[in-house]
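# Summary of structural features
Given next are the chains, with one letter for each unit.
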Amino acid sequence: MGRLGRSPLIASALAFVIALIYFAYASPDRLGSHFDQYDYEGLARVLASTGVFGRSLADTVVPEARRTMGYPLFLAAVTKVFGDAYPAAAFIQAALVASLPAFVFLIARDLLPARASLLVSIACALFLPFHFWAAYTMTETLATVLVTAGTVTLYIALRQPSLSRALIAGACLGYAGLVRPTLAFAILALAVAVIALGLARVRPPSVGVLAVATLAAIAIGVIPQAAYTRANFGRNGLVPYPPGFQLVLGYWQGVWPGRLSARLDPLVTDDAPHDRVAATAHELGIDATLASRYVYEMRGYGERLGSDPLSFIRANEWAFERAMEDVRGDPVGFVIRGFTARLPILLVGSIPVRYEQINSLPRPVLLVLWGAQGALLAFGLLGLLILIRQGGDASLAGALALGLLLYVLIVHFPFWTDPRYGLPAQPLVLFA
């Protein structure tokens with residue numbers, strides 16, 4: 001192997017080492033903030049011991065309403081082999097993160113000089129949010145790697161038409177949808193991007209490749225979960241509940257700075273009376289009516305949750321109705337906050353430190369972190385536009401990356417956003 005062949009291995013080794021450093025940093029208190037880990041590991045234990053995807057409740061297994069099956073299946077396999085999901089899953093996820101620079105390099109080497117390809121793969125290896133989430137039993141690492149692998153493989157399958165590679169691409173993208181349901185239809189966005197490129201007469205698409213990849217993704221990422229939901233809950237869709245709470249949170253995101261929302265949250269859990277909510281709102285300098293409605297909605301959702309899986313569905317139905325009332329009452333503000341709060345947080349809001357340490361970071365450090373991500377995004381978008389205008393393989397790579405980015409933005413626009421939700425689009429944005 002020459003210098004060019006070794007370069008992705010150098011970047012991957014660097015990524016693996018950084019991921020292990022984050023493991024040492026985050027694992028001692030990993031359960032302190034990201035409570036979803038309890039659910040995923042519990043589902044994995046039940047699946048590994050019984051072969052049934054469900055939640056253990058009162059010495060029986062009940063259908064799972066909250067999570068999709070992709071990540072618990074991964075953790076269940078780890079549990080079967082190693083006896084427990086953690087820390088083995090973190091080491092496997094560190095290896096998965098180490099694959100991201102190599103996948104990015106597969107595209108970069110076709111379009112960029114050797115040195116630039118090396119720099120792109122190293123830049124991917126140095127993007128710390130990838131490594132931060134690898135230390136947790138959360139869906140982000142697996143979803144990001146699957147989407148990146150699937151998109152890169154689809155690029156290769158379209159560049160030199162190959163149905164077998166299209167099948168692999170569809171399988172990766174489909175399984176990403178089982179891991180995170182918001183990604184279930186990413187294949188459609190990629191197909192639309194390629195077709196639009198063909199209509200612009202830049203590069204005619206291979207219909208067979210797109211068809212095989214799309215069918216494989218739907219068969220793996222949509223049909224099994226939709227069948228599970230229909231069989232166990234009698235409802236159509238990937239999950240049996242509307243995205244009510246996510247929409248409620250999305251409506252309120254950006255109404256106040258995060259530090260003010262954090263001051264209101266204890267009023268929810270403390271069951272604070274109206275006069276205390278009003279007094280706190282006055283102290284914070286915010287509208288007392290808005291603060292009371294926020295507390296009411298957060299509390300109302302929590303009061304409707306219980307151990308019964310159907311309570312989660314009913315709580316989200318209630319929350320969806322409240323959210324739609326909120327949006328109808330302030331549609332312009334809701335849309336504006338989408339562009340001024342939800343999407344910026346999704347794209348450039350990552351702070352790769354433990355949650356309990358974020359508030360102790362000096363403001364200049366936060367601004368540097370956000371500014372650096374903003375600069376990367378700006379350069380990435382510029383690079384995508386340049387690629388698309390170049391024609392040939394460059395246009396194809398740019399269209400796929402842009403299609404994926406737009407899909408992630410559109411899917412999450414109405415809902416509460418967290419920077420980790422944007423990670424699946426980041427490797428290919430970094431490439432551009």
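Structure first, text after, so check above.
A brief report on the enclosed structure follows.

Reading the values: rules and limits
Residues numbered from 1 in each chain as written. Predicted model: local features only at pLDDT ≥ 70, side-chain atom pairs only at ≥ 80, totals over all residues. Heavy atoms only, no water. Helix = DSSP H or I, 4+ residues; strand = E, 2+ residues; numbered from the N terminus. Rg over C-alpha atoms; globule rule 2.2 N^0.38 Å. Buried < 20%, exposed > 50% of the residue type's maximum accessible area, 1.4 Å probe, protein only. Contact = heavy atoms within 4.5 Å. Areas by Shrake-Rupley, 256 points an atom, 1.4 Å probe, with all protein chains shown as cover. Pairing = 2+ DSSP bridges. Polar contact = N/O pair within 3.5 Å; in protein donor to acceptor, adjacent residues only side chain to side chain. Phe/Tyr/Trp six-rings, centres within 6.5 Å; stacked < 30°, edge-to-face > 60°. Lys NZ or Arg CZ within 6 Å of the ring centre and 35° of its normal.

With that out of the way, let us pick up the overall build of the protein. Assigned secondary structure in the protein consists of 21 helices and 2 strands. Taking 432 residues into account, the globule formula puts the C-alpha radius of gyration at 22 Å, and the protein, at 22 Å, falls close to it. Counting only C-alpha atoms, the protein reaches 70 × 50 × 45 Å along its principal axes. Burial statistics for the protein: of 432 residues in total, 53% are counted as buried. In the protein, once contacts between residues fewer than 6 apart in sequence are set aside, the share between residues at least 24 apart is 73%. About 18,800 Å² of surface is accessible on the protein, with carbon and sulfur atoms providing 66% of the total.

Glancing now at the pairing of strand S1 (residues 54-57). Pairing of S1 with strand S2 (residues 60-63), which is carried by 4 bridges, proceeds in the antiparallel orientation. The residue of S2 that forms the bridge with Arg55 is Val62. Remark: 2 residues form the turn of the hairpin made by S1 and S2, two consecutive strands paired antiparallel; Ala58 in that turn has positive phi of roughly 55°.

Attention now goes to the environment of Ser395. Its location among the elements puts Ser395 in helix H20 (residues 392-412). Exposure remark for Ser395: the relative accessible area of 0% places this residue in the buried category. Placed 72 residues apart in sequence, Ser395 and Ala323 show a C-alpha to C-alpha distance of 40 Å. Separated by 2.6 Å, the side chain of Ser395 and the backbone oxygen of Ile388 make a polar contact.

Turning our eyes to something else, we now look at the packing of aromatic side chains. In this structure the tally under the stated criterion is 21 aromatic pairs. Ring geometry for Tyr40 and Tyr71: centres 5.3 Å apart, planes at 85°, overall edge-to-face. Of this pair, Tyr40 sits in helix H2 (residues 36-50) while Tyr71 sits in helix H3 (residues 70-82), placing them 31 residues apart in sequence. Given a relative accessible area of 0%, Tyr71 falls into the buried group. Connected via pairs of aromatic rings, a cluster forms that spans Tyr22, Tyr25, Phe132, Trp133 and Tyr136. Directly above the ring of Tyr86 sits Arg30, whose terminal nitrogen or CZ lies 3.6 Å from the centroid. One cation-aromatic arrangement involves Arg342 over Phe413; the distance from NZ or CZ to the ring centre is 5.1 Å.

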